[in-house]
Amino acid sequence: MGWSNAVITNAGLAIIAQAVSGGTLIIDSAGLGGGTVDTTALMAQTELTTPLTVSAVIAAKGTLENGISVRVQIRNTGVMVTQHMKQVGLFARAGTEDPVLFAIMQNDTGEEIPPESEY
């Protein structure tokens, strides 16, 4: 799958600025969306388009100096009908603040997530 439309959101850039100034960047979770927006609007996104009820688990490690690696694992546990994923978003926070949509990538074609009964 080619996910060439990927950005750090405006809110994500603000969190990075706080972290570079001595704060803490915490990547909390990932989410999936079933819709898309024009690529020129991706940086301004504050939430996923048409959020899906599919769980995503993350593992993040690294530092701002050396780079951060994030793995997203999609699980179809409890999924009853096929869902079509077109966006993947990472939610992060600075210190004790509420999480915001930190980064988002999208693909107009997307990927099907089958129901649990089929996989």
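Overview of the nonpolar core
For step 1, the next point in the chain: The biggest cluster of nonpolar side chains holds eleven residues, and these are Ile 15, Ala 19, Leu 25, Ile 27, Ala 30, Ala 56, Leu 90, Ala 92, Ala 94, Phe 102 and Ala 103.
For step 2, the next point in the chain: Secondary-structure elements contributing two or more residues to this core are α1 (10-20), β2 (25-33), β5 (83-94) and β6 (100-113).
For step 3, the next point in the chain: Residues contacting Ala 56, with those up to four places away along its chain left out, are Ala 30, Val 72, Gln 73 and Ile 74.
For step 4, the next point in the chain: Among the nonpolar cores identified, the runner-up in size contains eight residues, and Leu 32, Leu 52, Val 54 and Ile 113 belong to it.

Section: the sheet that holds β6
For step 1, the next point in the chain: Ordered by their spatial adjacency, four strands build an open sheet running β1-β6-β5-β2, and the pairing between neighbours is antiparallel. Of all the strands in the sheet, just β1 (5-8) and β2 have a single pairing partner and so form its edges. Here the strands of the sheet are splayed against their neighbours by 15 degrees on average, with no regard to which way each runs.
For step 2, the next point in the chain: In terms of strand pairing, β2 meets β5 through eight bridges, oriented antiparallel. Each residue of the ladder has a partner; that of Leu 25, found in β5, is Ala 94.
For step 3, the next point in the chain: The strands touched by α1 are β1, β2, β5 and β6; relative to β6, the strand with the most contacts, the crossing angle is about 140 degrees.

Reading guide: rules and limits
Residues numbered from 1 in each chain as written. Predicted model: local features only at pLDDT ≥ 70, side-chain atom pairs only at ≥ 80, totals over all residues. Heavy atoms only, no water. Core = buried A, V, L, I, M, F, W, Y, C linked by side-chain atoms within 4.5 Å. Buried < 20%, exposed > 50% of the residue type's maximum accessible area, 1.4 Å probe, protein only. Helix = DSSP H or I, 4+ residues; strand = E, 2+ residues; numbered from the N terminus. Contact = heavy atoms within 4.5 Å. Pairing = 2+ DSSP bridges. Axes fitted to C-alpha atoms, helices over the stretch in contact; angles between N-to-C directions.

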